[in-house]
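# Chains, contacts and geometry: an overview
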Amino acid sequence: MNILTVGIDLAKSVFAVHGVNEGGRAELVRPAVPREKLHELIATLPPCVIGMEACSGAHHWARLFQAAGHTVRLVAPKFVTPYRMSGRRSKNDAADAAAICEAVQRPHMRFVPIKTLDQQSQLMVHRARQGFVEQRTATINRIRGLLAELGIVLPLKAATVRRRAALCLEELPGWANTVIGDLLGEVDRLDDRIAQYDRHIRQIARQDIRAQRLTRLSGVGETTATCLVAMIGNGHDFDCGRQFAAWLGLVPGQYSSGGKARLGRITKAGDAYLRSLLVMGARAVLAAARNKTDSLSRWALAVQQRRGYWKAVVAIAAKNARMAWAVLRRGEAFALPA
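The model shown is predicted, which means the values in this text are computed figures rather than measured ones.

Further remarks concern the overall build of the protein chain. Helices and strands together make up the secondary structure of the protein chain, namely 13 helices and seven strands. Expressed along its principal axes, the backbone C-alpha trace of the protein chain runs to roughly 75 × 55 × 50 Å. Considering only contacts in the protein chain between residues 6 or more positions apart, those separated by 24 or more positions represent 53%. Carbon and sulfur atoms form 51% of the exposed surface of the protein chain, whose accessible area is close to 18,800 Å². When the 49 positive and 27 negative side-chain charges of the protein chain are each reduced to one mean point, those points stand 10 Å apart.

What follows is the structure, encoded as structure tokens:
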């Protein structure tokens, strides 16, 4: 079999494989390959291009197939759907594998960077920390909701909820005292876990020279820097900083027609966690700009005055994303703006 391109529809237990030759004719059609047989099947093929949707486990399989001498391409699922011959109404694993095989052959297709084992390990630290933060927020909101049942209405601010809930704890009747006390203890436990993972992130940042360079940017701290390194590595999968900003969803969507350009809201594509870190850093830059006279601060204040607060925040976040790509791509050769 002279197979040049293979599309694999990933799953938990049963996979679909579709391979074509140089003429586009299907040479390998396996609609149901068990998980334990997939690596064996791909290892028997000559070096070829393997396409998969970017999903859970995709980076693991990509590393395995690369070790076997194959070229692996990960495609966002939204780019695969238009190439499914059966359309949206008839979706199955075999049709998805054929659509993936067709999508990876397009000359202008955009691919997802394949993460190394270290990158995924570092991202796990961020995911776990973010999970603890969400649990803490949910627990605080649960305290507010339960106390509201007793006529005690607390504001949204987390510090105020903790303080006032602790003050009224002894006045709560019966089991209410037990429940609120346990929830406050859970909040304290989550605080300790988040602080522990903050120390992990700080240690990762100190051990990576790329993260240390990124922290020199205004609005980029250790959490954002380590997440950037774990997400895109050295940035070689992007041709320019604007492409990286578009990948993150920090550029406006277009609704242009008839020669007239219409720009809408930002697309919010890509990873929401990394985008939120850049936006929070941009808010800090804009808040501190009032007391600074450097070029970035003057530019940020001018954008805020001309376009409003939130558009200025997004503009700063997009600018930081582009500069972060330049720092990772060029390394020491990149000179920070004065």
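Turning to the packing of aromatic side chains, a few remarks are in order. Summed over the entire model, instances satisfying the criterion amount to seven aromatic pairs. Ring geometry for Tyr309 against Trp310: centres 5.1 Å apart, planes inclined by 80 degrees, an arrangement best described as edge-to-face. In textbook terms, an aromatic cluster arises when at least three aromatic residues are bridged by ring pairs, as seen for Phe15, Trp61 and Phe65. Between Arg73 and the ring centre of Phe111, over which it is positioned, the NZ or CZ distance is 5.6 Å.

Across the eleven residues that make up helix H9 (residues 222-232), a large majority, nine, are buried. The complete set of buried residues in H9 reads Thr224, Ala225, Thr226, Cys227, Leu228, Val229, Ala230, Met231 and Ile232. Count one or two residues on from H9 and you reach Gly233, which has phi positive near 60 degrees.

On the surface, Leu146, Trp175 and Val179 cluster together into a nonpolar patch covering about 340 Å² of accessible area. Structurally, Trp175 can be placed in helix H7 (residues 174-207). For Trp175, a relative accessible area of 71% gives the class exposed.

Our focus in this paragraph is the side chain of His59. Relative to the helices and strands, His59 is located in helix H2 (residues 58-67). At 3.1 Å, the side chain of His59 and the backbone nitrogen of Lys115 are in polar contact. Leave out the neighbours within four places in its chain, and His59 touches Leu74, Val112, Pro113, Ile114, Lys115 and Gln120.

Taken in spatial order, the five strands make up an open sheet running S3-S2-S1-S4-S5, and their pairing is mixed. Single-partner strands in this sheet number two, and they are strand S3 (26-34) and strand S5 (71-75). Pairs of neighbouring strands in the sheet enclose a mean axial angle of 20 degrees, with direction left out of account. Where strand S2 (residues 14-20) lies against S3, six bridges are found, and the strand directions are antiparallel. Bridge pairing in S3 places Phe15 opposite Val33. Strands strand S1 (5-9), S2, S3 and strand S4 (49-53) of the sheet are contacted by helix H1 (residues 35-43), whose axis makes an angle of about 155 degrees with S3. Sitting on the sheet, helix H4 (residues 93-103) is in contact with S1, S2, S3 and S4, with an inclination near 140 degrees to S1.

The next thing to look at is helix H10 (residues 241-248). Those residues of H10 that sit buried are Gly241, Phe244, Ala245 and Leu248. Around the axis of H10, the buried residues are gathered within 100 degrees of arc, so they sit on the same side. Gly249 sits one or two residues past H10 and shows a positive phi near 85 degrees.

Moving on to the pairing of S5. As paired strands, S4 and S5 are joined by five bridges and run parallel to one another. Among the inter-strand pairings, Ile50 is bridged to a residue of S5, identified as Val72. Chirality of the crossover, the property in question, places the unit of S4, H2 and S5 among those that are right-handed.

Conventions used here
- Residues numbered from 1 in each chain as written.
- Predicted model: local features only at pLDDT ≥ 70, side-chain atom pairs only at ≥ 80, totals over all residues.
- Heavy atoms only, no water.
- Helix = DSSP H or I, 4+ residues; strand = E, 2+ residues; numbered from the N terminus.
- Contact = heavy atoms within 4.5 Å.
- Areas by Shrake-Rupley, 256 points an atom, 1.4 Å probe, with all protein chains shown as cover.
- Lys, Arg positive; Asp, Glu negative; His and termini not counted.
- Charge placed at Lys NZ, Arg CZ, Asp CG, Glu CD.
- Phe/Tyr/Trp six-rings, centres within 6.5 Å; stacked < 30°, edge-to-face > 60°.
- Lys NZ or Arg CZ within 6 Å of the ring centre and 35° of its normal.
- Buried < 20%, exposed > 50% of the residue type's maximum accessible area, 1.4 Å probe, protein only.
- Patch = residues over 30% accessible without salt bridge, like charges linked within 9 Å, V, L, I, M, F, W, Y side chains within 5 Å.
- Salt bridge = Lys/Arg side-chain N within 4 Å of Asp/Glu carboxyl O.
- Polar contact = N/O pair within 3.5 Å; in protein donor to acceptor, adjacent residues only side chain to side chain.
- Pairing = 2+ DSSP bridges.
- Axes fitted to C-alpha atoms, helices over the stretch in contact; angles between N-to-C directions.
- Arc of directions from axis to C-beta.
- Right-handed = clockwise from strand over helix to strand, strands pointing away.

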